[in-house]
Amino acid sequence: MYLNREEISDRGHVDRLTVWMYVIFLILGWLSVYAASYDIENAAGLFDLSDRSTMQLVWIGTSLVLAFALLKIDTGFYETYAFVFYLAGIFLLIVTYLVAPEINGSRSWLVVGPVRLQPAEFMKFIIALALAKVFSLYDFRLMKRKNLLFTFSIILLPAILVVLQSETGTALVYASFLLVLFREGLPGGILFVLVAAIVYFVLGIKFSDTQMGMFSLGEFITLILIILFTAVLVGNYVKRKKVVRVILGAPASVFLTAYLISFFGVKIDWGLVALIALGTVILYLLYLFFMYGKRVYIYMVAFAIGSFVFLESTEYVFNDVLQPHQRIRIEVALGMKQDFRGAGYHVGQSKIAIGSGGFLGKGFLKGTQTKLKYVPEQDTDFIFCTIAEEAGFVGASIVLILYLCFILRLIYLAERQTSTFGRVYGYGVVSVFLFHLIINIGMVIGIMPVIGIPLPFFSYGGSSLWGFTLLLFIFLRLDKSRRNK
Amino acid sequence: MGYNSENPYAKRKHIIALIAVLVMVVYISRLFYLQILSPQYREFADSNAFLRKTLYPARGAIYDRNGNLLVYNQATYDVMMVVREMGEFDTLDFCNTLNIDKSTYLMLEADMKDRRKNPGYSSYTPQLFMSQLTVEQYGLLQEKLYKFPGIYVQNRTRRQYKYPNMGVILGYIAEVDKNALESDPYYVRGDYIGKSGIESSHEKDLRGEKGVEIWLRDARGRLQGRYKDGAEDKAPVSGRDLTLGIDIDLQAYGEYLMQNKIGSIVMIEPKTGEIVCIVSSPSYDPAILTGKDFGRNYLDLERNPYKPLINRAVAGMYPPGSTFKPSQGAVFMKEGIITLETRYSCFHGYPPLGGRPACHGHASPLSIVPALATSCNSFFCYGLSAMLGNREKYADVNEAFDVWKSYLSKMGYGEKLGVDLPSEKKGFIPNSKFYNKVLKRTNWNAHNIISIAIGQGEILATPLQIANFAAIVANRGYYYVPHVVRERKGAPLDTLYTRKHYTGIEHSIFEIIAQGMANAVTGGTCRTANLLPEIEVCGKTGTSQNPHGDDHSLFMGFAPKDNPRVAIAVIVENGRFGASNAVPIGRLMLQKFFNDSIPETDKWLENRIVNTTILPHIYSRELSIVDNDSLQNKK
């Protein structure tokens, strides 16, 4: 059998580049935890297990052992037992929900003696494995209705259980597996609809306090967005510039007319105008459907009407179905209400800490704003503050670029897999890491809502570090033996 | 790449990679903006830092039904410490000022810095060092405050009580423990939280909402003024004032009558479900659980063998004895087992079981009204036997029994009523499964369990449930869930307390029951409770057998018979016959309720009751509350 040079050099080796990046992350991560929890009075207790940085050293050590062990396990093991893992994981989530004590408002910690574990963290690699297994089943086509339903429930079931444990952030991480589905053939349109739904929900709720006529400001903005999104979809699927022009032009003329009428002293209900504008778009699309009989127009109509119904039902669900505390969580996340413990305040502090870092930073252990001073999650969710304050723009950018290299390397590794199982799992890994980065760093620098999920390899905590190590090294193990098939 | 290039979606890797690159570009630009283009953040951090001052709201006050102030607040002061700012610190002078010694100082400091006890510890923010300074200590400290950098004084309030009554009902407040800290983000170390009684069950009303003032400080800790001129500040919202249904005079009188006795008095206004009096004896002065002596006094109360910290009115479970009979009569009539005319015989006991349970001498046979008046045991045993043995109506004894139980559940027996006081107990009404298990067969009959017909055996009820049943008879068939708080300032009562709960038994049936209870007062077992000609009282005595000692003395009733204004239950533990202690107490309480005072003619009775002491000598742990272990004890 002929093998080219590159293939020979790859054979049987762990991807060293990724492992090195992993090690660098661990070192930087530990330094950050050390800096974030460093306190002059408590500096003496370096080897005290109650000290966070020492404890983190223990987690790092065990993670390295775990990583080494994972590389020794045969590849077939993961593929064979993927579903068993999944069932066990679901079982564990249910057990956790039932027995876990309430800690900081969530019931996600399984307490066994002195150890506290968060099963939801480990569910990430388990879902990735389950998805990989499903996709590698014989003759699997994602777009068959049955398969689609099955795939989505694999993601949704644990997500629901985790939401029940009040760990909404982690449930959102599971949603990142949509990226895997996208890579494996989920139509971009569906992804677009999902993104649109999130945008509607966020805008609709966020601006629901200001009333303008029969609709709130949020509904008004969303109505306009629905028109714009419909135009984008039509532009993409119909590819007739004239149609797009009409879809944008008709509502514009409706608004113009209303604006002109308002000069005659008539009080205009702008919400109603937006609704009429949307109505003209829908009527136009229906007209096109009956003229040309193309199904695509009816889908566009369905999108526009569906969007409107979704918008109205979110308002209903939000105001009448959700419990007050759930509502407050969402309101705080959207920045409508200040959490009195001050989620908004924390972000303000975090921005000051980052901003004060300047170009080169204040130097290791010299940060004044961080170190448990104002933000309690200084060494967990908000750890990026410490890096940005002490290492400055240069240091923070280097960390971000390193992460980017890491993600791109993972995409490269995922693409070079010879089996569907390996590739799908690989993209699962990519999705989880990418999502954590986007949300965590976005939150710290103040452009994402405050959702408490850790920064991979940096944030203090055993469960998350183990979880990420498992996720990554199972993939590296699959990658190592990709040609043994 | 051969295999992958066949994959139709392989090109999507570029989109995914593009997303990652774009996000990083946006984030790095944002960092560039924050760190390079925004010098104001640097200034903020270099010269200023925030000091968040918590503004504590006043805890809600509590009033009685006539507007008498019961609970209010008085200012006290906490010493707060910002360790980073302390610098040169004269510990000795500080200790002298606070009147503590060096070892206490070190202990308090260690407590403050221990992250296990104080998870939110930080050397940069004000931390609670010592709480509840007296006004004098505060004065001394205030004078010398300039000498102690990093020391701040935080105003707090302390609970004050106008009356030395209802300790266990009002409850007390204390510093939050670790559990509450972890489960509710509202609390930080040093906050106070209601721990029992109304303080606990209405914590969310009473506590209000903390406010915050954000100040800017320079690098040396000097305050530079308000952050954004106070735009981000939040004023504290005072706690909600509560008005109780309780009449403090009546309550105090009840506690006075119950002195040196163990037990409970519960009085309910049937038309609203408001509790007008709820005595749990022994009671204590709520003021002893405030301030510096809290720890010692609490320990004393906890070690007291008569368990004053248990609210017997809602958490004491007793066999209801004969006070249970009216409920039985109502169920039998509703199910058509007996009618107004049905008569059963009695020969000093229940004939089918050879005169057990025993009864006293009275005319025989009897119908329901005189049976209630004379408290005939035999009648209700016959009734239960007829109901459980009726094979035309019910397929088997299990079905019959569960129908029986469902009525009692609707009367509030065997279930938590939902009173707004913590640690309410359910009492105990067995179901058919329970007996199938205990008797180890399914074809048992009424005779196996006959004592439940007269409120003995496995049946257990709380004084609140018994009073609530009296209210049901008073209302002739429905009740409002009993509640102590009648008004929350600025908010409606929970609809649980404003909704009628129907028992499913007709008005006319309860009219008969009420007649029986009226006759018990005029010519039956509880003649002591007779207040005629002024008020027509309906009542029922109870003497409940207590496997651990002397029988408990019970009284249940309401008055007047028509348009009742109050329902009552009295329990005196080990008070023997119902007529000997519980009924006289019931009479006096009704006198007090209707006339505001005790007429001269009843003074001798008042003296007798007040001077009666019924405290069992050996009062072991198991006896403090009658548990539903009576069945095991009999075996």
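Residues numbered from 1 in each chain as written. Chains lettered and ligands numbered in written order. Predicted model: local features only at pLDDT ≥ 70, side-chain atom pairs only at ≥ 80, totals over all residues.

## A closer look at the overall build of chain A
Right, so step 1: When you go through chain A residue by residue, the secondary structure sums to 18 helices and four strands.
Right, so step 2: The buried share of chain A, taken over its 485 residues, is 43%.
Right, so step 3: Sequence separation of 24 or more characterises 69% of the internal contacts of chain A that already satisfy a separation of 6 or more. (Helix = DSSP H or I, 4+ residues; strand = E, 2+ residues; numbered from the N terminus. Buried ≥ 20, exposed ≤ 12 C-beta atoms within 10 Å, placed from the backbone. Contact = placed C-beta atoms within 7 Å.)

## Examining the overall build of chain B
Right, so step 1: Within chain B, the secondary structure is distributed over 23 helices and 18 strands.
Right, so step 2: Counting across all 635 residues of chain B, residues that qualify as buried make up 43%.
Right, so step 3: Within chain B, counting contacts between residues at least 6 apart in sequence, those at least 24 apart form 72% of the total.

## What about the packing of helix H10 (residues 217-237) of chain A against helix H11 (residues 241-262) of chain A?
All names here are of chain A.
Right, so step 1: Running from N to C, H10 and H11 cross one another at 170°; their axes reach a closest spacing of 9 Å. Taken together, the axis directions place H10 and H11 in an arrangement best described as roughly antiparallel. Of H11, the residues touching H10 (which contributes Ile227, Thr230, Ala231, Val234 and Gly235) are Val243, Val244, Ile247, Leu248 and Pro251. (Axes fitted to C-alpha atoms, helices over the stretch in contact; angles between N-to-C directions. Parallel < 35°, antiparallel > 145°, perpendicular 65-115°, else oblique.)

## A closer look at the confidence of the model for chain A
All names here are of chain A.
Right, so step 1: Averaged over every residue, the pLDDT of chain A is 84; residues scoring 70 or more account for 87%.
Right, so step 2: Across chain A, helix H16 (residues 383-415) holds the top mean pLDDT of 94, while helix H1 (residues 5-10) sits lowest at 44.
Right, so step 3: Per-residue pLDDT stays below 50 along residues 40-46; that stretch engages in six contacts with residues further than four places along the chain or on separate chains.
Right, so step 4: pLDDT under 50 marks residues 339-343. Its contacts with residues more than four places away, or in other chains, come to six contacts. (pLDDT = per-residue confidence, 0-100.)

## Points about helix H2 (residues 12-37) of chain B
Right, so step 1: Across its 26 residues, H2 of chain B extends 36 Å between first and last C-alpha, which sits within 8% of the 38 Å expected from 1.5 Å per residue.
Right, so step 2: Of the positions making up H2 of chain B, those classed as buried are Ile16, Ala20, Met24, Tyr27, Leu31, Leu34 and Gln35 of chain B. (Expected span 1.5 Å × (residues − 1).)

## As for the nonpolar core
Right, so step 1: The biggest cluster of nonpolar side chains holds 128 residues, and the ones touching the most others in it are Met267, Ala467, Ala470 and Ile568 of chain B.
Right, so step 2: Formed jointly, this core draws a minimum of three residues from each of two domains, domain 1 (51-244) and domain 2 (257-280 + 317-634) of chain B.
Right, so step 3: The residues contacting Met267 of chain B, other than those within four sequence positions of it, are Val276, Cys277, Ala467, Val566, Ala567, Ile568, Met589 and Phe593 of chain B.
Right, so step 4: Ala128, Ile453 and Leu465 of chain A together with Tyr41 of chain B belong to the second-largest nonpolar core, a separate cluster that totals 104 residues. (Core = buried A, V, L, I, M, F, W, Y, C linked by C-beta atoms within 7 Å. Domains from an automatic or database assignment.)

## Considering the environment of Thr151 of chain A
Residue and element names in this part refer to chain A.
Right, so step 1: Following the sequence through the fold, Thr151 ends up in helix H6 (residues 145-164).
Right, so step 2: Expressed as a C-alpha distance, the spacing of Thr151 and Leu181, which sit 30 residues apart in the sequence, is 8.7 Å.
Right, so step 3: The residues contacting Thr151, other than those within four sequence positions of it, are Leu131, Val134, Leu142 and Leu181.

## Observations concerning the environment of Tyr41 of chain B
Right, so step 1: With respect to the helices, strands and loops of the structure, Tyr41 of chain B is situated in helix H3 (residues 39-47).
Right, so step 2: Not counting chain neighbours up to four residues away, the residues in contact with Tyr41 of chain B comprise Lys351, Ile352, Gly355 and Ser356 of chain A together with Leu34 of chain B.

## What about the pairing of strand S18 (residues 566-572) of chain B?
Residues and elements named next belong to chain B.
Right, so step 1: Most of S18 sits inside the fold, with seven of its seven residues counted as buried.
Right, so step 2: Pairing analysis gives seven bridges linking strand S17 (residues 552-559) to S18, with the strands arranged antiparallel. Looking across to S18, one finds that Ala559 is bridged to Val566.
Right, so step 3: The turn joining S17 and S18, which pair antiparallel and follow one another in sequence, is formed by six residues; a positive phi near 55° is taken by Asn563. (Pairing = 2+ DSSP bridges.)

## Focus: the sheet that holds strand S11 (residues 263-269) of chain B
Hydrogen bonding along the main chain pairs the strands of a sheet, whether they run parallel or antiparallel.
All names here are of chain B.
Right, so step 1: Taken in spatial order, the five strands make up an open sheet running S12-S11-S18-S17-S16, and their pairing is antiparallel. The sheet is open, and its two borders are formed by strand S12 (274-281) and strand S16 (538-544), each paired with just one other strand. Recorded for the sheet is a direction-independent mean angle of 5° between the axes of neighbouring strands.
Right, so step 2: Where S11 lies against S12, seven bridges are found, and the strand directions are antiparallel. Bridge assignment links Gly263 to a residue of S12, and that residue is Ser281.

## Notes on unusual backbone geometry
Residue and element names in this part refer to chain B.
Right, so step 1: The omega torsion across Ser364 and Pro365 is -5°, close enough to zero to call that bond cis.
Right, so step 2: On the secondary structure map, Pro365 appears in the loop between helix H14 (325-334) and helix H15 (368-374).
Right, so step 3: Following Leu532, the chain continues to Pro533 via a peptide bond in cis, the omega torsion being 10°.
Right, so step 4: At Ser423, a residue that is not glycine, the phi angle is positive and equals roughly 55°.
Right, so step 5: Even without a glycine there, the phi angle at Asn563 is positive, about 55°.
Right, so step 6: Inspection of the secondary structure puts Asn563 in the loop between S17 and S18.
Right, so step 7: Accessibility expressed as a C-beta count within 10 Å gives 8 for Asn563, which makes it exposed.

## Side note on the packing of helix H5 (residues 119-135) of chain A against helix H17 (residues 420-444) of chain A
All names here are of chain A.
Right, so step 1: Relative to each other, H5 and H17 sit at 145°, their axes nearing to 8 Å. Along this stretch, H5 crosses H17, giving a crossing that reads as right-handed. Taken together, the residues of H17 that come into contact with H5 (itself represented by Lys124, Ala128, Leu129, Leu131, Ala132, Lys133 and Phe135) are Thr420, Phe421, Val424, Tyr425, Gly428, Val429 and Val432. (Left-handed = near helix turned anticlockwise from the far one by under 90°.)

## Notes on the pairing of S16 of chain B
If a strand is regular, its side chains alternate between the two faces of the sheet.
All names here are of chain B.
Right, so step 1: The buried fraction of S16 is high, at seven of seven residues.
Right, so step 2: Neither face of S16 is left uncovered, since the one carrying Cys538, Lys540, Gly542 and Ser544 and the one carrying Gly539, Thr541 and Thr543 both have all their residues buried.
Right, so step 3: One ladder, built from seven bridges, connects S16 with S17; its direction is antiparallel. Counted as the bridge partner of Ser544 is His552 from S17.

## Structural notes on helix H3 (residues 52-72) of chain A
Right, so step 1: A rise of 1.5 Å per residue sets the reference length of H3 of chain A, with its 21 residues, at 30 Å; its end C-alpha atoms lie 30 Å apart and thus fit the reference within 8%.
Right, so step 2: Those residues of H3 of chain A hidden inside the fold are in contact with helix H2 (16-37) and helix H18 (462-480) of chain A.

## Description of the environment of Gln142 of chain B
Right, so step 1: Structurally, the position occupied by Gln142 of chain B is in helix H6 (residues 135-144).
Right, so step 2: Separated by 11 residues in the primary sequence, Gln142 of chain B and Val153 of chain B place their C-alpha atoms 8.1 Å from one another.

## Points about the confidence of the model for chain B
Residue and element names in this part refer to chain B.
Right, so step 1: Averaged over every residue, the pLDDT of chain B is 86; the share at 70 or more is 91%.
Right, so step 2: Long-range and interchain partners of residues 1-5, a stretch whose pLDDT sits below 50, account for four contacts in this model, where long-range means more than four residues apart.
Right, so step 3: Within the model, pLDDT remains below 50 along residues 618-635, and this stretch shows 25 contacts once partners closer than five positions in the same chain are excluded.
Right, so step 4: With a pTM of 0.57, the predicted complex shows an ipTM of 0.84.

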